[in-house]
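Below are the chains, spelled out letter by letter.
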Amino acid sequence: DSTQNELGIRIYDEVELMVEKSADEQAQESKYIDTVLVTYCIPNSELKYNLSFRVDRNMKTKKLREDACLYWGLSEVEFILKTMSNAKVHDELAIQSCFRENEDAHFSLVQKTPKNATLMDRELLHIMPKAGRKARRVAKQSAKRDEAKGDAATRTGVGDLAEQMLLLPGLFRYMTQRDKNVKQHLQRLKLRNICIYLTVLVMTIVDIYMRIPPALAFNCRQGVLELMTEGDGQGLSFDDIRSSDQVWQWLSDTVADQLLVPSSPLRTYNYPVGYLQVRLQEVQMPTQAQCPQLDSAYRVPENVTCFATWYTANKANTIEDDGVRHYFYGKSGYAGRYVNSAPWSFGNERSTSPAGEAWILGHFDEFDGSGQSIEYDLQYSPLDELRQAFLNDMLFLQGQNWLDPQSRALHVSFLLYNSNYDHFISNRYTVEMTAFGVVRPFSDIGVFRPGFVEYDLGFSMLSLDIIRLCFVLLICPVQIYWDFMYERRVNGAGCKHLYSVQGLADLAVGIIFFVMFGLRYGNFNVPSIDYFVQQAQRPLDAGEFAEQYNFHIVMDALISGLLLYRFAFFLRINRHFFLIWSTVEQAAMVGCRLLVIAVPVVVGLILVSMAVGGSYDENSRSFWSSLMRVMLLIYADVETVKDYDPNRGWQLSFNVALYFLMRLVFVNCWISVLIHEYQKVRVAAGSTEKYRWKEYDYVVWCLPWPFRNLYLNFLRPKIERPAKDLVEE
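The rules behind these values
Residues numbered from 1 in each chain as written. Predicted model: local features only at pLDDT ≥ 70, side-chain atom pairs only at ≥ 80, totals over all residues. Heavy atoms only, no water. Helix = DSSP H or I, 4+ residues; strand = E, 2+ residues; numbered from the N terminus. Buried < 20%, exposed > 50% of the residue type's maximum accessible area, 1.4 Å probe, protein only. Contact = heavy atoms within 4.5 Å. Areas by Shrake-Rupley, 256 points an atom, 1.4 Å probe, with all protein chains shown as cover. Patch = residues over 30% accessible without salt bridge, like charges linked within 9 Å, V, L, I, M, F, W, Y side chains within 5 Å. Salt bridge = Lys/Arg side-chain N within 4 Å of Asp/Glu carboxyl O. Lys, Arg positive; Asp, Glu negative; His and termini not counted. Charge placed at Lys NZ, Arg CZ, Asp CG, Glu CD. Pairing = 2+ DSSP bridges. Disulfide = S-S within 2.5 Å. Axes fitted to C-alpha atoms, helices over the stretch in contact; angles between N-to-C directions. Parallel < 35°, antiparallel > 145°, perpendicular 65-115°, else oblique. Left-handed = near helix turned anticlockwise from the far one by under 90°. Expected span 1.5 Å × (residues − 1). Bend = angle between axes of the 7 residues up to and from the residue. 1 Å grid on protein atoms, 1.4 Å probe; cavity = no way out; pocket = protein on both sides within 12 Å on 5 of 7 lines; lining within 4 Å. Points joined across faces, edges and corners; volume = space filled by probe spheres on them. Nonpolar A, V, L, I, M, F, W, Y, C, P; charged D, E, K, R; others polar. Phe/Tyr/Trp six-rings, centres within 6.5 Å; stacked < 30°, edge-to-face > 60°. Lys NZ or Arg CZ within 6 Å of the ring centre and 35° of its normal.

Considering the overall build of the protein chain
1) Next: Scanning the protein chain for helices and strands turns up 24 helices and 15 strands.
2) Next: Evaluated residue by residue, the protein chain yields a buried proportion of 40% over its 729 residues.
3) Next: Partitioning the contacts of the protein chain with sequence separation of at least 6, the portion at a separation of at least 24 is 69%.
4) Next: Put simply, the protein chain shows about 41700 Å² of open surface, and 58% of that area lies on carbon and sulfur atoms.

Dropping the structure here:
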């Protein structure tokens with residue numbers, strides 16, 4: 001029974017209004033397509049336009065094609081509809097039947113190609129049988145191909161060339177890139193920045209050349225080195241010393257003849273300053289406790305004793321030598337000997353300097369300033385008496401076996417002044433003696449000046465450094481602040497600049513310059529005359545002073561390198577330079593990813609080098625020396641390659657593996673990355689002609705805004721102006 005309301009209108013229950021359909025009919029309706037996407041692919045172009053259409057269940061593809069052609073103003077005779085699998089749809093085919101169950105409702109409106117003679121792989125795949133042996137074989141091959149290449153080619157792209165390019169990684173992106181109107185970098189490249197960095201760079205280079213003129217350090221060092229290590233060409237060479245007897249021979253011949261003879265070449269061209277010091281460092285007497293205990297179960301026989309392998313403060317021999325003491329009793333202070341010399345006793349600070357304790361880094365060990373020493377005044381007169389006393393002392397010490405198996409190092413040090421170059425020359429000659437009986441000599445010669453603010457040139461250099469300090473303050477912190485504000489305005493995060501290479505370079509310029517400035521005018525503030533007096537009062541080592549002097553010059557050179565990098569960064573205003581810079585920058589970013597593979601490989605090669613050549617090659621003794629040897633082998637250093645011994649099979653295998661990995665793999669990988677990135681940058685940056693500057697661009701970039709407005713509004717108001725400035729004012 002139906003019910004009626006007060007107006008007589010019949011009221012139905014909602015159940016009565018429902019259309020009863022079977023489950024199959026409901027499932028079929030849920031799969032009906034009501035919207036399709038049509039993409040118009042412009043012929044001979046990568047441009048595409050999209051439009052979605054609402055369709056009913058009975059609509060034919062012909063009607064859809066006609067509507068799409070009418071919408072884009074195309075001839076319905078020249079264009080057809082294709083699915084994403086590159087198959088043309090029949091005009092009388094219902095849209096509901098055009099797509100597979102898991103396929104997107106997406107058509108491409110493309111121009112006809114009636115003479116197409118090729119088919120794509122997936123077109124052949126779609127016409128294969130759906131059942132049977134051949135179908136199973138095709139399905140297996142298709143699965144393997146999809147697993148190897150991915151399914152990118154089946155998801156995007158239309159047309160033969162575009163679809164096949166998708167199968168090769170990066171090819172589609174490379175071939176479809178266009179001019180990206182790259183001009184954003186011009187906003188932070190200002191003329192004032194180039195002027196500031198160029199000014200500081202020029203002043204730094206001038207400072208380096210004025211501090212150390214060309215060939216000065218080499219001439220000062222090489223002249224002394226040849227005289228002290230080669231002598232007159234007939235005696236023993238210092239580098240050929242391999243025993244303690246040869247050490248005494250070198251002391252008696254070369255040292256005595258060059259330093260203690262008035263007419264010697266060394267004294268003719270140089271002025272000896274202060275004292276000549278001969279210092280010995282030896283370890284304690286052999287004991288059983290000093291033998292290595294590698295296994296607690298193993299006990300060293302009682303009649304076996306061992307020397308300490310390395311020289312340290314707690315292993316140094318502090319026992320006085322009575323024989324040496326008896327010989328030198330009453331002789332200290334006479335015949336040029338230093339009054340406080342005590343070669344029979346141990347001292348913790350026998351070699352010191354105003355710059356700190358004199359540490360010496362040798363081939364095998366590191367040595368402090370302790371030991372037993374004897375000093376001779378190089379200004380003593382008559383010099384023949386000093387020479388005879390030195391020879392007598394060396395002869396006695398040799399007879400007393402002053403150099404014995406306990407000895408670990410003998411140091412000979414003195415200071416010279418060269419008036420021709422107005423520089424001091426620090427000399428250290430060390431003979432290391434290991435617990436294995438190996439004797440290895442090495443020399444350490446440094447050139448320095450104790451003070452800078454001397455004479456008119458010194459004050460001029462001080463003025464130059466003060467001016468340079470003012471310009472450095474424009475870099476750190478002013479330039480850092482400018483770049484910080486630029487990053488915050490453009491990217492919303494100014495802190496990114498502080499972590500960038502440019503920000504770190506500016507910060508490093510400031511820090512290194514302040515350290516160098518403080519070191520230069522804090523440590524090196526002793527006039528030459530006062531330094532002469534200090535050296536004459538007591539024996540002082542000048543090696544540490546020379547090392548600090550060289551270190552502060554290296555810091556100046558490092559500043560020039562950072563400034564050159566920043567100056568080159570601002571030269572990107574030139575389009576050609578921008579292409580090269582961007583190529584190297586992007587290639588370096590890609591190359592950093594290769595470090596994940598390269599670093600473990602290089603470390604493995606270093607360890608192999610230590611294992612293969614550590615027993616006979618001195619350069620393979622430690623990790624860092626092996627690293628240097630591997631790098632020299634990579635770059636085919638002649639002297640390093642000469643050490644190759646073909647009789648060692650492992651070394652041959654190592655060299656072949658090194659060449660294959662580094663030259664054929666990593667070097668070629670880097671070259672390919674560099675070429676690939678250059679092509680990407682070149683295409684993205686567009687044609688150089690398009691970005692060629694005209695008069696207006698130079699005015700905007702070079703002149704500050706008051707002069708720029710004056711030039712553009714009064715002097716040259718009719719010059720050609722672009723619609724939008726290329727450079728931010």
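Some details on a negative patch on the surface
1) Next: On the surface, a cluster of negative charge is contributed by Glu226, Glu230, Asp239 and Asp240.
2) Next: Take Asp239: it is sitting in the loop between α9 (216-230) and α10 (244-259).

So, the environment of Thr583
1) Next: With respect to the helices, strands and loops of the structure, Thr583 is situated in helix α19 (residues 575-613).
2) Next: The spacing of Thr583 and Ile675 is 92 residues in sequence and 8.4 Å in space, taken between C-alpha atoms.
3) Next: Discounting chain neighbours no more than four positions away, the residues touching Thr583 are Leu674, Glu677, Tyr678 and Val681.

Details of a positive patch on the surface
1) Next: Where like charges cluster on the molecular surface, the positive patch consists of Arg133, Lys134, Arg136 and Arg137.
2) Next: Its place among the elements puts Lys134 in helix α5 (residues 133-149).

Thoughts on the pairing of strand β3 (residues 35-41)
1) Next: Within β3, 5 of the 7 residues are buried, which leaves it mostly tucked inside the rest of the structure.
2) Next: Note: β3 against strand β4 (residues 48-54), 7 bridges, orientation antiparallel. For Cys41, the partnering residue across the bridge sits in β4 and is Lys48.
3) Next: Here 4 bridges tie β3 to strand β6 (residues 106-111), and the two strands are oriented parallel to one another.

Focus on the state of the cysteines
1) Next: Scanning the model with the defined rule gives 1 disulfide in all.
2) Next: The disulfide partner of Cys291 is Cys306, and the S-S distance across this bridge is 2.0 Å. Disulfide Cys291-Cys306: the torsion about the S-S bond is 95°, which places it as right-handed. Residue Cys291 is found in the loop between β7 (271-282) and α12 (322-328), and its partner Cys306 is found in the loop between β7 and α12; the two are separated by 15 residues along the sequence. No difference in accessibility class separates Cys291 from Cys306, as the two residues are buried.

A closer look at the packing of helix α14 (residues 455-490) against helix α16 (residues 501-522)
For any two helices packed against each other, one specifies the crossing angle of their axes together with the interaxial distance.
1) Next: Packing of α14 against α16 brings their axes to within 9 Å, and their N-to-C directions diverge by 155°. As judged from the angle between their axes, α14 and α16 are roughly antiparallel. In terms of crossing hand, the pair formed by α14 and α16 is left-handed. Of the residues in α16, those touching α14 at Met461, Leu462, Asp465, Arg468, Leu469, Val472, Leu473, Ile475, Cys476, Gln479, Ile480 and Asp483 are Asp506, Leu507, Val509, Gly510, Phe513, Phe514, Met516, Phe517, Arg520 and Tyr521.

A closer look at α14
1) Next: In this model α14 runs 52 Å from its N-terminal to its C-terminal C-alpha over 36 residues, within 8% of the 52 Å that 1.5 Å per residue would give.
2) Next: Along its length, α14 reaches its greatest deviation from straightness, about 40°, at Val478.
3) Next: Residue Gly492 follows α14 closely and has a positive phi angle near 80°.

Topic: the sheet that holds strand β5 (residues 79-83)
1) Next: Overall, mixed pairing links the 4 strands, which are arranged β4-β3-β6-β5 in an open sheet. Of all the strands in the sheet, the pair left with one neighbour each is β4 and β5. Neighbour to neighbour, the strand axes of the sheet diverge by 30° on average, direction disregarded.
2) Next: This element, helix α3 (residues 61-72), spans β3, β4, β5 and β6 of the sheet and lies at about 130° to β4.

Side note on empty space enclosed by the protein
To find the voids left in a structure, one rolls a probe of water-molecule size over its atoms.
1) Next: With the rule as written, the count across this model stands at 4 cavities of 30 Å³ or more.
2) Next: Put simply, the largest cavity is a space of about 130 Å³.
3) Next: Taken together, 15 residues form the lining of the largest cavity, with Tyr275, Ser413, Pro539, Leu540 and Asp541 sitting closest to its centre.
4) Next: Elements represented by at least two residues in the lining of the largest cavity include exactly β7, β13 (407-418) and β14 (423-433).
5) Next: Of the residues forming the lining of the largest cavity, the biggest block, 3 residues, is contributed by β13.
6) Next: Of the residues in the lining of the largest cavity, the class split is 6 nonpolar, 7 polar and 2 charged.

Some words on the pattern of salt bridges
1) Next: If you walk through the whole model with that rule in mind, you get 26 salt bridges.
2) Next: Put simply, Glu720 and Lys694 hold a salt bridge, and the shortest N to O gap is 3.4 Å. Of the two residues, Glu720 is situated in the segment after α24 (705-715) and Lys694 in the loop between α22 (649-685) and α23 (695-702); the sequence distance between them amounts to 26 residues.
3) Next: Residue classification places Glu720 among the exposed positions, given a relative accessible area of 56%.
4) Next: On the basis of relative accessible area, Lys694 is assigned to the partly exposed category, the value being 47%.
5) Next: The partner of Arg716 in a salt bridge is Glu695, with the nearest N and O atoms 2.8 Å apart. Within this pair, whereas Arg716 is found in the segment after α24, its partner Glu695 is found in helix α23, the two being separated by 21 residues in sequence.
6) Next: Here Glu695 falls in the partly exposed class, since its relative accessible area comes to 29%.
7) Next: When salt bridges that share partners are traced, they join Asp207, Arg211, Asp465, Arg468, Arg520 and Asp556 into one network.

Here's the deal with the packing of aromatic side chains
1) Next: Summed over all chains, the structure comprises 35 aromatic pairs.
2) Next: Measuring from centroid to centroid gives 5.2 Å for Tyr376 and Phe390, while their planes differ by 80°, and the two rings are edge-to-face. With Tyr376 in strand β12 (residues 372-377) and Phe390 in helix α13 (residues 383-399), the pair connects residues that are 14 residues apart, well separated along the chain. Summarising the burial analysis for this pair, Tyr376 and Phe390 share the class buried.
3) Next: Each member of the aromatic cluster is reached from another via a ring pair, and the members are Tyr271, Tyr417, Phe424, Phe448, Phe452, Phe524, Tyr531, Phe532, Phe545 and Tyr549.
4) Next: For Arg192, the ring lying beneath its charged end belongs to Trp482, and the centroid distance is 4.3 Å.
5) Next: A cation over an aromatic ring shows up here: Lys331 above the ring of Tyr327, its NZ or CZ 3.5 Å from the ring centre.

Treat this as a map of the structure, not an account of what it does.
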